[in-house]
Amino acid sequence: MKNRNNTGVKNAEVNSLFLYLLSAALWDRPADGLRFKGLDGGVWKKIAVLAHKQSVSALVADKVLSLPEESLPSRELRMQLLLQIEQTKTLNRNMVRVLGALQQEYEQAGFPFVLMKGLASGAQYPNPLLRNPGDIDVWLYRPGDYEKARVWAAGQGYQADDAGHIHYNYAWRGIVIEPHCRISYFDRKKYEKQFVAWEKEVAEQARFGRVPVAQLLREPSLQSPQQSQPQQSQEQGQPLQSQSQQGQPQSQQQGQPQPQQPQQSQSQPLQQEPQPLQQPQQQGQPLQEPQPLQQEPQPLQQPQQPEIAVQVLPVALNAFFLFHHMFRHFVSLGVGFRQFCDWILFLHHYHGEIDRQEFTERVCSYGLLYPMQVFARVAVEYLDAPEEIFPFPLLPAGRHERRGRTGRHERTERRGRPERHERHTRRVAADILKNGNFGFHRPGKKRPPGKYSGMWFSFVLSVKRSLKFATLSVSHILIVPYKKLIHRFKIGFR
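From a predicted model like this one, the values you see are computed outputs, not experimental measurements.

For the overall build of the chain, give the residues involved together with the corresponding values.
For the chain, the count of helices and strands is 17 helices and seven strands. Across the chain, contacts joining residues at least 24 apart in sequence account for 71% of those joining residues at least 6 apart. Element-wise, carbon and sulfur atoms account for 52% of the exposed surface of the chain, whose accessible area totals about 22200 Å².

Give a detailed account of the sheet that holds strand S7 (residues 309-312), specifying residues and quantitative values.
Sheet strands pair by backbone hydrogen bonding; their relative direction is either parallel or antiparallel. With mixed pairing, the seven strands of this open sheet are ordered in space as S3-S4-S5-S2-S1-S7-S6. The open sheet has two edge strands, strand S3 (161-162) and strand S6 (209-212), and neither has a second partner.

Outline the side chain of serine 184, listing residues and values.
Along the chain, serine 184 turns up in the loop between strand S5 (175-180) and helix H7 (189-205). Reaching out from serine 184, the side chain makes a polar contact with the side chain of histidine 324 at a distance of 3.0 Å. Those residues in contact with serine 184, other than ones at most four positions away along the chain, are Ile166, Phe195, Glu199, Phe321, His324 and Arg328.

I'd love a proper account of the packing of aromatic side chains, names of residues and values included.
For any pair of aromatic rings, geometry is given as the distance between the ring centres together with the angle between the planes. Following the criterion strictly, the structure yields 39 aromatic pairs and no others. The interplanar angle of 85° and the centroid separation of 6.0 Å between the aromatic rings of phenylalanine 195 and tryptophan 198 together place this pair among those described as edge-to-face. Taken together, the residues phenylalanine 195 and tryptophan 198, both in helix H7 and three residues apart, mark about one turn of the helix. Pair check on accessibility: phenylalanine 195 and tryptophan 198 agree, each one buried. Ring plane angle 65° and centroid distance 5.3 Å describe the contact between tryptophan 198 and phenylalanine 320, whose orientation is recorded as edge-to-face.

Could you give an account of the nonpolar core, naming the residues involved and the relevant values?
Membership of the largest hydrophobic core comes to 95 residues, with the highest contact counts inside it found for Phe340, Trp343 and Phe375. Among residues more than four places away in sequence, those in contact with tryptophan 343 are Ala319, Leu322, Phe323, Met326, Met372, Phe375, Ala376, Phe390 and Phe392. Val98, Ala101, Ala160 and Val213 belong to the second-largest nonpolar core, a separate cluster that totals 34 residues.

With reference to specific residues and values, describe the packing of helix H10 (residues 315-332) against helix H13 (residues 369-383).
Packed helix pairs are characterised by how far apart their axes lie and by the angle those axes make with each other. Taken N-terminus to C-terminus, the directions of H10 and H13 make an angle of 90°; their axes are 11 Å apart at the nearest point. When the interaxial angle is binned, H10 and H13 end up roughly perpendicular. Packed against H10, whose contacting residues are Phe323, Met326, Phe327 and Phe330, the element H13 presents Pro371, Met372 and Phe375 at the interface.

If you had to explain the environment of tryptophan 172 to someone new, which residues and values would you point to?
Mapped onto the elements of the fold, tryptophan 172 is located in strand S4 (residues 168-172). Expressed as a C-alpha distance, the spacing of tryptophan 172 and valine 98, which sit 74 residues apart in the sequence, is 8.1 Å. With residues near it in sequence (within four places) discarded, tryptophan 172 still touches Val98, Ala101, Leu102, Glu105, Trp152, Tyr158 and Ile177. A polar contact is formed between the side chain of tryptophan 172 and the side chain of tyrosine 158, at a distance of 3.0 Å.

Which residues make up the pairing of S7, and what values go with them?
Side-chain alternation along S7 places Ala309 and Gln311 on one buried face and Val310 and Val312 on a second face that is also buried. Direction of pairing for strand S1 (residues 114-116) relative to S7: parallel, over a ladder of two bridges. Opposite leucine 115, over in S7, you have valine 312 as the bridge partner. Looking at chain direction, S6 and S7 are connected through four bridges and run antiparallel.

Mind laying out a nonpolar patch on the surface, listing which residues take part and the relevant values?
On the surface, a cluster of nonpolar side chains totalling about 290 Å² of accessible area is made up of Leu467, Val474 and Leu478. A relative accessible area of 41% means that leucine 478 is categorised as partly exposed.

The rules behind these values
Residues numbered from 1 in each chain as written. Predicted model: local features only at pLDDT ≥ 70, side-chain atom pairs only at ≥ 80, totals over all residues. Heavy atoms only, no water. Helix = DSSP H or I, 4+ residues; strand = E, 2+ residues; numbered from the N terminus. Contact = heavy atoms within 4.5 Å. Areas by Shrake-Rupley, 256 points an atom, 1.4 Å probe, with all protein chains shown as cover. Pairing = 2+ DSSP bridges. Polar contact = N/O pair within 3.5 Å; in protein donor to acceptor, adjacent residues only side chain to side chain. Phe/Tyr/Trp six-rings, centres within 6.5 Å; stacked < 30°, edge-to-face > 60°. Buried < 20%, exposed > 50% of the residue type's maximum accessible area, 1.4 Å probe, protein only. Core = buried A, V, L, I, M, F, W, Y, C linked by side-chain atoms within 4.5 Å. Axes fitted to C-alpha atoms, helices over the stretch in contact; angles between N-to-C directions. Parallel < 35°, antiparallel > 145°, perpendicular 65-115°, else oblique. Patch = residues over 30% accessible without salt bridge, like charges linked within 9 Å, V, L, I, M, F, W, Y side chains within 5 Å. Salt bridge = Lys/Arg side-chain N within 4 Å of Asp/Glu carboxyl O.

Here it is in structure tokens:
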């Protein structure tokens with residue numbers, strides 16, 4: 001019973017099918033209906049629950065609903081999945097509208113920002129509207145703007161609450177805004193000093209990328225099968241007809257402002273959201289006039305969304321930051337596949353713009369190369385990530401490969417004790433699957449509601465995790481409980 005959940009369903013089967021569906025969604029591949037034909041309803045429900053725990057519900061739901069009719073789950077579950085998709089899209093559309101308004105308000109007030117994580121990461125997804133949304137995280141990179149923005153928020157009637165020593169948050173138009181005075185931070189002084197210097201250099205140069213806000217509303221086109229245009233070899237908007245396509249994740253597009261690869265959003269009956277402004281293949285446009293319409297449709301298709309672009313971090317820094325942010329959460333309480341997928345897809349789109357040697361040397365200088373290599377190996381073996389997207393040397397494939405490109409378990413004969421990195425790869429993957437988004441779905445005892453009992457619970461948990469994963473990165477992990485305790489004493493356990 002060790003490998004079964006409380007419904008009697010084998011966890012290994014649920015995990016395998018979930019990872020297969022998530023991988024197919026990330027790389028825009030059609031799912032093999034034969035793997036799901038006749039699947040028990042209990043397994044389907046567990047897949048949906050796991051997708052929710054990992055905060056990737058809409059991605060997995062969209063891929064499930066693309067299956068052939070004979071492989072689909074029950075009608076009741078299909079309706080639930082469709083609702084998840086539409087709710088996620090609605091939330092994302094609302095967040096993008098708020099982001100556009102926030103951009104204008106902040107610039108008029110005189111403190112421009114850089115969009116980080118969240119919505120910025122969504123731009124790299126085959127369908128950005130399917131990424132589960134969170135907060136709007138912005139970096140106020142100019143000296144003094146962090147506090148000015150707080151005063152501005154108070155003047156607008158919004159209560160800004162401290163959410164850590166580098167950011168605060170407040171609710172604006174129903175969305176949580178989280179301004180940051182720093183991109184990130186390190187517990188060790190050596191690494192912290194390095195990163196402060198890097199942040200300062202980037203802030204002074206202010207050479208940021210820009211992503212059009214409308215691009216975050218991009219959805220695959222909804223065409224009839226007869227309208228497949230020659231230029232749209234990457235267009236996979238038809239529910240099942242497009243499954244003959246290769247599903248390649250379009251790694252050719254490396255320009256930071258336009259990660260515009262459409263995904264097969266097969267299951268949505270009504271996807272009338274405006275298309276990306278910069279795509280040359282506008283659906284429904286006559287073939288004989290693509291060039292003139294490339295310029296004019298922009299204000300016509302997005303009347304409610306002016307031509308607004310948000311600043312994003314430079315590519316190399318963003319690749320570093322997305323991993324470090326994910327790793328900090330993993331070390332502390334746990335992390336889910338949403339943050340993991342953000343990092344993988346960013347590298348997939350922009351690895352060609354990253355100097356491999358320079359990036360590797362920088363990662364080594366922070367003592368993060370080995371944990372980064374372990375997470376990359378998890379991405380390759382569990383999510384079918386292409387090895388070439390990682391701008392640093394990879395660890396060798398395990399002698400006991402967990403999953404192959406087909407999604408099947410490919411077992412090879414094992415002799416002797418597995419290598420250290422193989423054990424770390426399996427442990428990291430198992431921890432992500434077990435604990436879910438930010439560790440919120442960890443089985444067992446939950447954090448008590450009391451203030452001090454809750455603090456003690458989190459501290460004990462961080463000690464246990466530090467001991468469990470210490471060999472993954474001694475310099476970054478063993479220091480966490482000590483730093484947490486010191487921080488609590490400094491602020492007086494407020």
